[in-house]
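A look at the structure
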Amino acid sequence: MLKTIRYVTICLMVVFSFAVEAQERKITSTMNTPDMDKFITNLMSKMTLEEKIGQLNLVSVGFDVTGPIVSENVEEKIKKGLVGGVFNTFTPVAVRKLQEMAVQNTRLKIPLLFGYDVIHGHRTIFPIPLGLSASWDLATIEKSARIAADEASADGLNWVFSPMVDIARDPRWGRIAEGAGEDTWYGSRVAEAMVRGYQGGDLALNNTVMACVKHFALYGGALAGRDYNPVDMSERSMLQDYLPPYRAAVDAGVATVMTSFNDINGIPAAANSWLINDLLRKQWGFRGMVVSDYTSLTELVAHGVSANEYEAAADALKAGNDMDMVGEVYLNNLGKLTQDKKIVVTQIDAACRRILEAKYKLGLFDDPYRYADEQRAKQTLMKNEYREAARDVARKSIVLLKNNNNALPLKPGASVALVGPLARSQRDMIGNWSGAGDWQQAVSVDQGLKNSQGHLQINYAKGANITDDPVLIQRLNTHGGNLEIDQRSSEAMISEAVEAAKKSDVVIAVVGESQGMTGEASSRADISLPGKQLDLLKALKNTGKPLVIVLMNGRPLTLPWEQANADAIVETWFLGTEAGNAIADVLLGTYNPSGKLTATFPQHVGQVPLFYNHKTTGRPYGGEMLDKYKSRYLDVSNDPLYPFGHGLSYTTFSYGDVKLSKNEITTQDKLTVTCQVKNTGTRAGEEVVQLYVQDVVGSVTRPVKELKGFQKIMLQPGESKEVTFTLTQQDLSFYRRDMTFGTEPGKFNVFIGGNSKDGQRASFELK
Ligand code: BGC
């Protein structure tokens, strides 16, 4: 009895002193502070080894399944203090319930983190990241992340698994949809904007969340574009092309980093000490927490680098991986590894400290329920203002790929054959990784056109299924695809569409991929329009009616027939909750399209990886048809179908000469580059003015050009603006032959234009 009383008294004392400490400290910043250090040191001095290991465990509650297995006995583990964070659940009620389990049942009352894949919006869904990046509007991109954070934090969450900043040059890879495309410089700017949007400068506010930059590192370099495949890459390409966006996120203050599934030159990222301990922490100075990807510590065994999970736990911890997502190899093995002296407790301490620091910075020790406010959720989630913002972001992300003879915008009152498997889809509008988004709230193209003031007469026909492959359909629907398959023969469906076309002035064919054909584990070897959709387009073309193609897809597609035969092509990705309204805005011209591609569209899948900032080779092909020994294909040219940076407007722009402030500069100088851009059409419109640089001769081969700046400007008809860029030494630097980063003297070319292919040129000399 006495013993029990003593135990209860000690517990109460611990709780009381803890509460007092929590009240005394102040949450002011995202940085580590002496107060925080003191608080955590004190807390950790009371923790058992088991409690510390528990903090390293991140479990999925399985409301949503985002990996091959789900965590088991979660509630029991939370109550025992064996869980540090939970993901795949949200809503203030659900979060409060789990948080109470942790705070009321565990000895030290350490609150849980609540994470989720908030990738392109939380409840209000924005365009998929590849689409969002096509807006070339960093303020808009940041705003979308800010709104996502406001909604997510009102819905119980304090941690989002975004931004995904993997540079992707291979459109076969399904996850190209989740990032900002192929360019390192632009991808870095987007990474910063997303981090700013989510974290908002102060994690202690209850409407900001921790961002998690992923997938560290080089996941986009998967061989053959096949998901989870190894990455074999030169050090130069890593440093020059693939790592800068992660670095940009770290420099922008990202709170957490997620390691990737892939191996890097033979060493899986999750157990890669060079990557986490040396590069990320020591060289880049990252002080936050590192989390593994879904069961990726367990997968060290399948990779064949750890003999069993016991070894995997040691390998990952030593490499610097703090938190174990779902696999529980830490939970099951770190205790024994410590006893066996295979790891030292200080390694567990370091990981545990970083997780507790994250919780401290979020203010969870002050109030574990600060993100679980039902009232705030009601006021915040999907409010009108956010839906309006989603419509604005969506239309800015649309890219007009082709528009002949002013096929677009549509004439008000026109009769329109609205054809295609995606014309009435709502599920696909919110795209992949749209976690908490409700597709039933999404606006289809059909609905968007009806909502508009265009007074169109719509003759609808489905025309084709997205795919007729029964296995693929079953697979997509097993994972929430909601694909409705029309059982009619494709001939019957096509002939119905042709009849609709015949009685209309113009055909709008809404075709593409189903959202589930993009994203994780959704690589495609054939990146053309799936199923019978091309047959449908050909039949529609034969009617002689103007053919407008509205594309929906999560990757660059090969569209040679479409480009040669359609009158207009509008790339709409998967635009989110307001997709249909945004598409109607563009089709009817109430919004003049301004997006530009951030990933090259190849003519043929055999050309990939195809990207604008390639090297020349020693035998560059310059169009000499009969020359044999040139770097080229026999059956397709080296050109892309649409280059990086391409996108049209309903108006036209002309570019004047590129003017430089000097023809010779030193490394200390800044170079001012200007160009006059004029709206030569009859409508107001926005243009993304792009600046590229080429280092003509280097100690190592250099890309033909590299993006180093852009500005999105609005011009009235006939209006001209002088656009000014400043180039610094940083913009001219690269990893030289000895792997130091810096410039080399010599000639540089500067290009300014509306895409990566066409541009006005000037040259200068770096002394
Ligand atoms: C993905 C991550 C994601 C995680 C949690 C993994 O399969 O690679 O991007 O954040 O699951 O759902």
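Computed from a prediction, not measured in an experiment: that's the story for all the values here.

Cut-offs used in this document
Residues numbered from 1 in each chain as written. Predicted model: local features only at pLDDT ≥ 70, side-chain atom pairs only at ≥ 80, totals over all residues. Heavy atoms only, no water. Helix = DSSP H or I, 4+ residues; strand = E, 2+ residues; numbered from the N terminus. Buried < 20%, exposed > 50% of the residue type's maximum accessible area, 1.4 Å probe, protein only. Contact = heavy atoms within 4.5 Å. Areas by Shrake-Rupley, 256 points an atom, 1.4 Å probe, with all protein chains shown as cover. Lys, Arg positive; Asp, Glu negative; His and termini not counted. Charge placed at Lys NZ, Arg CZ, Asp CG, Glu CD. Expected span 1.5 Å × (residues − 1). pLDDT = per-residue confidence, 0-100. Salt bridge = Lys/Arg side-chain N within 4 Å of Asp/Glu carboxyl O. Pairing = 2+ DSSP bridges. Axes fitted to C-alpha atoms, helices over the stretch in contact; angles between N-to-C directions. Phe/Tyr/Trp six-rings, centres within 6.5 Å; stacked < 30°, edge-to-face > 60°. Lys NZ or Arg CZ within 6 Å of the ring centre and 35° of its normal. Parallel < 35°, antiparallel > 145°, perpendicular 65-115°, else oblique. Left-handed = near helix turned anticlockwise from the far one by under 90°. Nonpolar A, V, L, I, M, F, W, Y, C, P; charged D, E, K, R; others polar.

Counting secondary structure elements, the protein chain contains 24 helices and 26 strands. Evaluated residue by residue, the protein chain yields a buried proportion of 61% over its 767 residues. Restricting to contacts in the protein chain with at least 6 residues of sequence separation, those with at least 24 account for 79%. Accessible surface, the protein chain as shown: approximately 29,200 Å² in total, 50% of it carbon and sulfur. Between the centroid of the 83 positive side chains of the protein chain and the centroid of its 87 negative side chains there is a distance of 2 Å.

The next point concerns helix α7 (residues 138-154). Its 17 residues give α7 an end-to-end C-alpha distance of 24 Å, which sits within 8% of 24 Å, the value for a rise of 1.5 Å per residue. Along α7, 12 of the 17 residues are buried, which leaves the element largely enclosed by surrounding structure. Those residues of α7 that sit buried are Thr-140, Ile-141, Ser-144, Ala-145, Ile-147, Ala-148, Ala-149, Asp-150, Glu-151, Ala-152, Ser-153 and Ala-154. Along its buried surface, α7 packs onto α5 (92-105), α6 (129-133), β4 (159-160), α8 (184-199), α16 (374-380) and α17 (384-397). At the exit of α7 stands Gly-156, carrying a positive phi of roughly 100°.

Of all residues in the protein chain, 96% have pLDDT values of 70 or greater, and the mean over the chain is 95. Within the model, the stretch residues 1-29 combines pLDDT values under 50 with 30 contacts to residues more than four positions away or in other chains.

Our next topic: the pattern of salt bridges. For the structure on display, the rule yields 37 salt bridges. Salt-bridge contacts for Arg-175 lead to Glu-520; the nearest nitrogen and oxygen are separated by 3.5 Å. In this pair, Arg-175 sits in the loop between β4 and α8 while Glu-520 sits in the loop between β14 (506-512) and α21 (533-542), placing the two residues 345 residues apart along the sequence. Residue classification places Arg-175 among the buried residues on the basis of a relative accessible area of 1%. For Glu-520, a relative accessible area of 19% corresponds to the buried category. Where salt bridges share partners, they join Asp-137, Arg-391, Asp-392, Arg-395, Lys-396 and Asp-585 into one cluster.

The strands that make up a sheet are held in pairs by hydrogen bonds between backbone atoms, and each pair lies either parallel or antiparallel. As summarised here, the arrangement of the 3 strands in space is β17-β19-β22, forming an open sheet in which the pairing is antiparallel. Here the strands that pair on one side only, and so sit at the sheet edges, are β17 (653-660) and β22 (720-727). Between one strand and the next, the sheet's axes are offset by a mean angle of 20°, whatever the strand orientation. As defined by bridge partners, β17 adjoins strand β19 (residues 671-679) across 6 bridges and the pair is classed as antiparallel.

Residue placement: Ala-509 occurs in strand β14. Sequence separation between Ala-509 and Ala-417 is 92 residues, and the spatial gap between their C-alpha atoms is 7.9 Å. Excluding residues that lie within four positions of it along the chain, Ala-509 makes contacts with Val-419, Leu-537, Leu-540, Leu-547, Val-548, Ile-549 and Val-550.

So, about the packing of aromatic side chains. When we look at a pair of aromatic rings, we describe it by the centre distance and by the angle of the planes. Per the counting criterion, the structure on display carries 22 aromatic pairs. Here the aromatic rings of Phe-87 and Phe-161 are separated by 5.5 Å at their centres, their planes lie at 70°, and the arrangement is edge-to-face. Of the two residues, Phe-87 sits in strand β2 (residues 85-87) while Phe-161 sits in the loop between β4 and α8, which places them 74 residues apart along the sequence. Both residues of the pair, Phe-87 and Phe-161, belong to the buried class. One aromatic cluster is present, built from ring pairs that chain together Trp-136, Trp-185, Tyr-186, Tyr-612, Phe-644, Tyr-692 and Phe-710. Taking NZ or CZ as reference, Arg-169 lies 3.7 Å from the ring centre of Phe-611, over its face. Seen from the ring of Phe-751, Lys-705 lies directly overhead, with NZ or CZ sitting 4.3 Å from the centre.

Attention now moves to the pairing of strand β5 (residues 212-216). Where burial is concerned, most of β5 is hidden: 5 out of the 5 residues are buried. Strand direction decides the pairing type here: β5 and strand β6 (residues 256-259), joined by 3 bridges, are parallel. Among the inter-strand pairings, Val-213 is bridged to a residue of β6, identified as Val-257.

In this section: the environment of Gln-676. Checked against the element boundaries, Gln-676 lands in strand β19. Separated by 19 residues in sequence, Gln-676 and Asp-657 have C-alpha atoms that sit 7.1 Å apart. The contacts of Gln-676, once residues within four sequence positions are left out, are Ser-654, Tyr-655, Gly-656, Asp-657, Ser-720, Lys-721 and Glu-722.

What follows covers the packing of α17 against helix α23 (residues 579-587). In the contact formed by α17 and α23, the axes pass within 8 Å of each other and the chain directions differ by 50°. The angle between α17 and α23 falls in the class oblique. Crossing geometry of α17 relative to α23 is assigned as right-handed. Seen from α17, the contacting residues are Arg-391, Ala-394 and Arg-395; seen from α23, they are Asn-581, Ala-582, Asp-585 and Val-586. Along the lines of polarity and charge, the residues of the contact of α17 with α23 split into 3 nonpolar, 1 polar and 3 charged.

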